[in-house]
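For reference, the chains in residue letters:
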Amino acid sequence: MFATKVLRASAAAERVPMIKFIGKRTIPASVDHSPHAHPAAPSHELPADWNTAPKSSSSSFSSYRQQAQQHGPLGRTKSSDGSVGSMSGHSLGPVAPAKGEYFDRNELPARFRRSPIELAEIDAIETGGATLVC
């Protein structure tokens, strides 16, 4: 036990890191935050409408949340502008597939349905084919 501690201590004392740092890290005095094109961009310039793009008009998170949408409006008010969720399902009427369309695989003609799995196939799958004899 004691020999291990001695070996570890001697190894740590002799260890020299392979990476060399040039100097002390410093924070730059000024940082350019102006937008510029990515170096790998094919045109090497910003889009033409970059400066005319609308900036964030919300001054706080609550005002942003009133305008935000994620799978529909997040606001508490119910709108009747025809958007998703503005009308009840009953008012939309019955749902029926168009001619040639099917909602379920079991509605397809028999030639397109899945064939039932046989017991021999189930046994071959479960045993990895070990029970099959050539």
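Treat the numbers as computed from the prediction; the structure is a model and nothing was measured.

Caption draft 1: Quick look at the overall build of the protein chain. In terms of regular secondary structure, the protein chain is built from 4 helices and 0 strands. Secondary structure elements in the protein chain, listed N-terminal to C-terminal, are α-α-α-α. The 134 residues of the protein chain split such that 5% are buried. Element-wise, carbon and sulfur atoms account for 59% of the exposed surface of the protein chain, whose accessible area totals about 13600 Å².

Caption draft 2: Molecular detail of the confidence of the model for the protein chain. Of all residues in the protein chain, 72% attain a pLDDT of 70 or more, and the chain-wide mean is 77. Of all helices and strands in the protein chain, the one with the weakest mean pLDDT is helix 2 (residues 61-67) (69), whereas helix 4 (residues 119-127) scores best (88).

Caption draft 3: Region of the structure containing unusual backbone geometry. Positive phi is not limited to glycine here, since H44 has a value of about 60°. Assignment of secondary structure puts H44 in the loop between helix 1 (2-14) and helix 2. A relative accessible area of 57% means that H44 is categorised as exposed.

Caption draft 4: Region of the structure containing a nonpolar patch on the surface. A grouping of I117, L119 and I122 is seen on the molecular surface, where their side chains present a nonpolar patch of about 320 Å² in accessible area. Structurally, I122 is set in helix 4.

Conventions used here
- Residues numbered from 1 in each chain as written.
- Predicted model: local features only at pLDDT ≥ 70, side-chain atom pairs only at ≥ 80, totals over all residues.
- Heavy atoms only, no water.
- Helix = DSSP H or I, 4+ residues; strand = E, 2+ residues; numbered from the N terminus.
- Buried < 20%, exposed > 50% of the residue type's maximum accessible area, 1.4 Å probe, protein only.
- Areas by Shrake-Rupley, 256 points an atom, 1.4 Å probe, with all protein chains shown as cover.
- pLDDT = per-residue confidence, 0-100.
- Patch = residues over 30% accessible without salt bridge, like charges linked within 9 Å, V, L, I, M, F, W, Y side chains within 5 Å.
- Salt bridge = Lys/Arg side-chain N within 4 Å of Asp/Glu carboxyl O.

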